[in-house]
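# Observations on the model geometry
These are the residues of each chain, in order.
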Amino acid sequence: MKVGFIGFGEVASNLSKWLKDEGVESYTSLENRSSKTKKLAEEYAANICPDNKTLAELSDILISAVTPAEAVNVAEEVGKYVKGIYVDLNNISPQTVRKALGNIENGKTVDAAIMGGIKKEGVKVQIIASGRCASQFAGLNKYGLNIKIVNHDPGKAKALKMLRSSYTKGVSALLLESLYSAYMMGLDKEFLENLERTECPGFKNSAISRVKSSAIHSQRKAQEMDEIINFMIEYGHIIMSKSTKEVFKDIYSKISHDKRYENYKELFESIK
Ligand SMILES: NC(=O)c1ccc[n+]([C@@H]2O[C@H](COP(=O)([O-])OP(=O)(O)OC[C@H]3O[C@@H](n4cnc5c(N)ncnc54)[C@H](OP(=O)(O)O)[C@@H]3O)[C@@H](O)[C@H]2O)c1
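About the criteria used
Residues numbered from 1 in each chain as written. Predicted model: local features only at pLDDT ≥ 70, side-chain atom pairs only at ≥ 80, totals over all residues. Domains from an automatic or database assignment. Contact = placed C-beta atoms within 7 Å. Nonpolar A, V, L, I, M, F, W, Y, C, P; charged D, E, K, R; others polar. Buried ≥ 20, exposed ≤ 12 C-beta atoms within 10 Å, placed from the backbone. Helix = DSSP H or I, 4+ residues; strand = E, 2+ residues; numbered from the N terminus. Pairing = 2+ DSSP bridges. Right-handed = clockwise from strand over helix to strand, strands pointing away. Near = placed C-beta within 6 Å.

## Here we look at the domain arrangement of the protein
Under the domain assignment used here, the protein contains domain 1 (2–153) and domain 2 (159–271). Its C-alpha centre places domain 1 at a distance of 30 Å from the equivalent point of domain 2. Taken residue by residue, the interface counts nine residues in domain 1 and nine residues in domain 2. Here the residues of the side of domain 1 that touches domain 2 sort into six nonpolar, three polar and no charged.

Listed below in structure tokens is the structure:
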């Protein structure tokens, strides 16, 4: 079994490592790639192809794990050379993934989404999959992956990912706003304790961590909300998601981007 990766960043390097340990051959191409990617490929000892065409021709499963803005471009580039199954793992909307997968001439495609963080959760992170060849992709479960088929229509996996994201980012934005007001009133400690009683044990720490992460990744999160809004607007009247995006945009305009915030109090002091 040969698994190829277009893009060799956090996702590809982690998947590649686990698959290799299970005896699966892993491939990538470093043509036009940054030194950071080259270093990762070296560190994880991926087999190197001279270009994406060769990579597409030899891979039984070819996984696209690039930056979201490149998902359609790379599918266009390799579309006519793919011999096996093409899997898009990028954080893009259902509309965009259908556009990307439409370039794969043999039609053996999978729309897939990682439902969590691969660095934190490791090989057991859930990957959901839809599309014609989802069940063949799920064959990688025998090497320890956690792929769940949700539907056979391409786009449904990305849709579920976006709906989940709309919810989780909305809650984070609300936490950020409420905790900031509580902090300004000197009631943050009591507020967090009350929240933990209302929600569940451990909620206080997870709330603090979400608030910090929301601020640190505020620009990326605001951009991701744009994709979510463009997707959801087709199905209903969007109010909350637009506000979520505004919260991330607002925090991004207020925080210092070269400072490392140790806790939420430091963060709130800087945006006062
Ligand atoms: N990390 C996660 O836990 C996670 C979770 C869910 C979804 N995702 C999604 O999975 C995808 C990959 O994420 P990641 O965390 O691995 O990103 P990453 O660490 O930023 O890596 C992206 C990789 O894609 C390469 N790349 C960019 N443009 C390319 C092109 N035109 N052709 C070939 N390679 C290209 C980059 O190479 P250079 O270094 O040369 O630019 C880099 O190796 C993203 O769409 C992300 O949204 C990630």
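## Points about the pairing of strand 5 (residues 85–88)
Side chains Ile 85 and Val 87 of strand 5 all project onto a buried face; the interleaved residues Tyr 86 and Asp 88 project onto the opposite face, where all are buried too. One ladder, built from four bridges, connects strand 4 (residues 61–64) with strand 5; its direction is parallel. What sits directly across from Ile 63, in strand 5, is Val 87. For strand 5 and strand 6 (residues 109–114), the ladder comprises three bridges, and the chain directions are parallel. Each bridged residue has a counterpart across the sheet, and for Val 87 the counterpart in strand 6 is Val 110. Between the parallel elements strand 5 and strand 6, the chain passes through helix 5 (residues 94–101) in a crossover that is right-handed.

## A short note on the site of the ligand
Every one of the 25 residues lining the ligand counts as a neighbour, but Gly 7, Gly 9, Val 11, Asn 90 and Asn 91 are closest to it. When contributions to the shell around the ligand are tallied by element, the ones reaching two or more residues are helix 1 (10–21), helix 2 (35–43), helix 4 (71–78) and helix 6 (118–121). In terms of residue count, the dominant contributor to the shell around the ligand is helix 1 (three residues). Across the shell around the ligand, the residue classes tally to eleven nonpolar, nine polar and five charged.

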